[in-house]
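Spelled out from the first residue to the last, the chains are:
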Amino acid sequence: MALNWVWIGFFTVAGATALVRTLMGDEGVFQGLLTALFDGARSGFEISLGLAGVMALWLGLMRVGERAGMVETLARLAAPLLRRLFPEVPNGHPAQGAMTMNISANMLGLDNAATPLGLTAMRELQTLNTRQPDTASNAQIMFVVMNTAGLTLIPTSVIAIRQSIAVKQGLGASFNAADIFLPTLLVTFVSLLVGVMAVAVCQRLPLWRARFALPMLAVAGVLVAIVTALARLPAEQASRIAGATGAMVILGIVMLFLLAGAFKRINVYDAFIDGAKEGFGVAIHIVPYLIAILVAIGVFRAAGCMDALMAGIGSVVSAVGLDTAFLPALPVGLMRILSGAGARGLMIDVMQTHGVESFAGRLAAIMQGSSETTFYVMAVYFGSVGIKHARHALACALLADTAGLVTAIAIGYAMLR
């Protein structure tokens, strides 16, 4: 519903602005809106076609990893930590397995697998809910907040979209679509940590104990050291290091999946083909959503509304002495909370307008890859078990989103600017 009003708002504001400009003597504004309408539709379709091949590749490789048991391996590694985050869930309860599998699938970018596992976990957690049936339990709140601020190891779809747009913009083999890997990982870690700590404070969980606090502090210390070291380097060199690291890690994971599949004696080729078939389905599925948001944004921009909005925000930012280079990417982070499709369209618009290799283009990709559609996740997960009273879930999730957005901008300046 939120996206419905946002979409209508784009057209309404653009139409009203165009009418005012026409009355003021700008006779070509409506022609510009019509051109933007058709250009947005064509662009959405062309991007989706380019995305199909890359998504087929990634989903094929992920299916190999899934059948090789890598998701289950991650689940076993995460189980000791999750027991401390969910003290209400008894050891061996089916909810524990579903939650660890869900989080592991999210880390690997297996959205198709993560969502049904998450809904299964919510149903299992509902069997432990000692509150009113329509009121969220502590465990359900923690689980949903972790999903809204989930740690993403491989931002598969964002990398695929960047590669597709880079081809359209004529970038050669030197372009590295994975150079957002390390910044995205850092941002999602901060967002997840803030969300978990916010829920822990509300639920009075003793997460300051050494068994939990020391590993988190160790990971946080390593990440801070990485950002600090890269921030001291020239932006171009820091970007090359981040890109090389991302490429090595992702290729390493791909090789690990393939070798694990060979070791488990699964038919790696057939597994890849099965996953690749889904890749075409995913690309085709997003065509209408992508066209819808791109035509709305195109009309909004052609009417001059986007420039006016950014100029207004820019004047406020400049007044307090801050740099304004991040402003073109800011709408992506704000829209991401409401709609993944809407944010994806805004991200593509930024990449097309400013260039996929620009600071704004890369920052928009980081924002898209390191956040989640909070309202959608809460509606689906809580709605699946009839929860109407989410208690402190929304506040904690929005706090995590805010931390992620601020961190994305800060890390973007430290590593990419």
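Trainee: If you had to explain the overall build of the protein chain to someone new, which residues and values would you point to?
Mentor: Each helix and strand in the protein chain was counted, giving 18 helices and zero strands. Counting only residues that meet the buried cut, the protein chain has 51% of its 417 residues in that class. Excluding contacts between residues fewer than 6 apart, the proportion of contacts in the protein chain whose partners are at least 24 apart in sequence is 79%.

Trainee: Before we move on, can you summarise the packing of aromatic side chains with the specific residues and values?
Mentor: In this structure the tally under the stated criterion is four aromatic pairs. Plain terms: the ring middles of Phe10 and Phe300 are 4.9 Å apart, the flat faces sit at 70 degrees to each other, and that makes the pair edge-to-face. Residue Phe10 is found in helix H1 (residues 2-23), and its partner Phe300 is found in helix H12 (residues 287-302); the two are separated by 290 residues along the sequence. A relative accessible area of 10% means that Phe300 is categorised as buried.

Trainee: With reference to specific residues and values, describe empty space enclosed by the protein.
Mentor: Under the definition given, this model contains one cavity of 30 Å³ or more. Considering only enclosed or pocket space, the largest cavity measures out at about 110 Å³ in volume. Around the largest cavity, the lining is made up of 14 residues, and of these Ser370, Ser371, Asp401, Gly404 and Leu405 lie nearest the centre. With five residues, the top contributor of residues to the lining of the largest cavity is helix H18 (residues 393-415). Considered class by class, the residues forming the lining of the largest cavity number six nonpolar, six polar and two charged.

Trainee: Please set out the packing of H12 against helix H13 (residues 305-319) residue by residue, giving values where relevant.
Mentor: Following both chains from N to C, one finds H12 and H13 inclined at 70 degrees, their axes separated by 5 Å at the closest point. The orientation of H12 with respect to H13, classified from their angle, is roughly perpendicular. Residues Ile297, Phe300 and Arg301 of H12 pack against Cys305, Met306 and Asp307 of H13. Considered class by class, the residues forming the contact of H12 with H13 number four nonpolar, no polar and two charged.

Trainee: For the environment of Phe375, give the residues involved together with the corresponding values.
Mentor: Position of Phe375 among the secondary structure elements: in helix H17 (residues 374-383). Residue Phe375 is classed as partly exposed on the basis of its relative accessible area, which comes to 37%. Expressed as a C-alpha distance, the spacing of Phe375 and Thr148, which sit 227 residues apart in the sequence, is 8.6 Å.

Trainee: I'd like a description of a nonpolar patch on the surface, backed by residues and values.
Mentor: A cluster of nonpolar side chains, contributed by Trp5, Trp7 and Ile8, occupies part of the molecular surface with about 320 Å² of accessible area. Among the secondary structure elements, Ile8 is positioned in helix H1. By relative accessible area, Ile8 is classed as partly exposed at 33%.

Trainee: Break down unusual backbone geometry for me, citing the residues and quoting the values.
Mentor: Positive phi, close to 60 degrees, is recorded for Arg265, a residue that is not glycine. Relative to the elements of secondary structure, Arg265 occurs in the loop between helix H10 (235-263) and helix H11 (268-285). Positioned with a positive phi, Arg391 is a non-glycine residue whose angle comes to about 55 degrees. Its relative accessible area of 36% is what places Arg391 among the partly exposed residues.

Trainee: Tell me about the pattern of salt bridges, and name the residues and values.
Mentor: Summed over the entire model, instances satisfying the criterion amount to four salt bridges. Across the salt bridge formed by Arg21 and Asp26, the nearest N and O atoms sit 2.5 Å from each other. One salt bridge connects Asp39 with Arg42, and the closest N-O pair in it is separated by 3.0 Å. Remark: Arg42 and Asp39 occur in helix H2 (residues 29-67); sequence separation between them is three residues, near one turn of the helix. What makes Asp39 partly exposed here is its relative accessible area of 33%.

Trainee: Explain the packing of helix H8 (residues 181-203) against H18 to me, using residue names and the numbers behind them.
Mentor: For the pair H8 and H18, the least separation of the axes is 8 Å and the interaxial angle reads 150 degrees. Comparing the axis directions of H8 and H18 gives the class roughly antiparallel. Considering how the two elements wind past one another, H8 and H18 form a crossing that is right-handed. Facing Leu182, Pro183, Leu186, Val187, Val190, Ser191, Val194, Gly195, Ala198, Val199 and Cys202 of H8, the residues of H18 in contact are Cys396, Leu399, Ala400, Asp401, Ala403, Gly404, Thr407, Ala408, Ile411 and Met415. Class assignment for the residues of the contact of H8 with H18 results in 16 nonpolar, four polar and one charged.

Here is what the cut-offs are and how they apply
Residues numbered from 1 in each chain as written. Predicted model: local features only at pLDDT ≥ 70, side-chain atom pairs only at ≥ 80, totals over all residues. Heavy atoms only, no water. Helix = DSSP H or I, 4+ residues; strand = E, 2+ residues; numbered from the N terminus. Buried < 20%, exposed > 50% of the residue type's maximum accessible area, 1.4 Å probe, protein only. Contact = heavy atoms within 4.5 Å. Phe/Tyr/Trp six-rings, centres within 6.5 Å; stacked < 30°, edge-to-face > 60°. 1 Å grid on protein atoms, 1.4 Å probe; cavity = no way out; pocket = protein on both sides within 12 Å on 5 of 7 lines; lining within 4 Å. Points joined across faces, edges and corners; volume = space filled by probe spheres on them. Nonpolar A, V, L, I, M, F, W, Y, C, P; charged D, E, K, R; others polar. Axes fitted to C-alpha atoms, helices over the stretch in contact; angles between N-to-C directions. Parallel < 35°, antiparallel > 145°, perpendicular 65-115°, else oblique. Patch = residues over 30% accessible without salt bridge, like charges linked within 9 Å, V, L, I, M, F, W, Y side chains within 5 Å. Areas by Shrake-Rupley, 256 points an atom, 1.4 Å probe, with all protein chains shown as cover. Salt bridge = Lys/Arg side-chain N within 4 Å of Asp/Glu carboxyl O. Left-handed = near helix turned anticlockwise from the far one by under 90°.

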